[in-house]
Amino acid sequence: MDKNASDLISLIRLLLINEDVKLDNPNFDALYKIAKFHSLTNILYYALMKYIDKNTSLNIDSKIIEALNKANKLELSKSATQECEMEILKEELEKRSIRYAILKGSVIKYMY
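Summarised in this report is the structure supplied together with it. Quantities reported herein were computed from a predicted structural model and do not represent experimental measurements.

### Regarding the environment of D61
Mapped onto the fold, D61 is located in the loop between helix 3 (41–54) and helix 4 (62–95). Judged by its relative accessible area of 44%, D61 is partly exposed. Considering only alpha carbons, one finds D61 and F28, 33 residues apart in sequence, at a separation of 7.8 Å. A polar side-chain atom of D61 sits 3.0 Å from the main-chain amide nitrogen of K63.

Printed below as a string of structure tokens:
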């Protein structure tokens, strides 16, 4: 497996199961590009924040940090918008006594 892909998987494991990670000279630019390609930039953001907490001596290009911050803010905004729209839809359905089951990933993600 490619070292950059392996590093990304290790960071995701750190985030999800708190597995100890030791990255050997990670290429953060490559990690960002892989994460962006796979729509994982927000996950990479949180994984790197956790990794940085444990490894304070990292030197990450400010452009990468800026791009990850932007991806995180975009995801937060999108999530808030989806929640608001879902509440409006639920109220309308309940007003009309229509039974419903929410199957949208943005809602059921909290069940995981």
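### Let's talk about the nonpolar core
Counting 19 residues, the largest nonpolar core has L11, L44, L48 and L68 as its most contacted members. Contributing elements (two or more residues each) for this core: helix 1 (3–17), helix 2 (28–37), helix 3 and helix 4. With five residues, the top contributor of residues to this core is helix 3. Here L48 is in contact with L11, F28, I60 and L68, once residues within four sequence places are set aside.

### Overview of the layout of surface pockets
Approximately 340 Å³ is the volume found for the largest pocket. S39, T41, N42, A71 and E75 are, among the 13 residues lining the largest pocket, the residues nearest its centre. Put simply, the parts of the chain that give the lining of the largest pocket at least two residues each are helix 2, helix 3 and helix 4. At six residues, helix 4 tops the list of elements feeding residues into the lining of the largest pocket.

Thresholds applied
- Residues numbered from 1 in each chain as written.
- Predicted model: local features only at pLDDT ≥ 70, side-chain atom pairs only at ≥ 80, totals over all residues.
- Heavy atoms only, no water.
- Helix = DSSP H or I, 4+ residues; strand = E, 2+ residues; numbered from the N terminus.
- Buried < 20%, exposed > 50% of the residue type's maximum accessible area, 1.4 Å probe, protein only.
- Polar contact = N/O pair within 3.5 Å; in protein donor to acceptor, adjacent residues only side chain to side chain.
- Core = buried A, V, L, I, M, F, W, Y, C linked by side-chain atoms within 4.5 Å.
- Contact = heavy atoms within 4.5 Å.
- 1 Å grid on protein atoms, 1.4 Å probe; cavity = no way out; pocket = protein on both sides within 12 Å on 5 of 7 lines; lining within 4 Å.
- Points joined across faces, edges and corners; volume = space filled by probe spheres on them.

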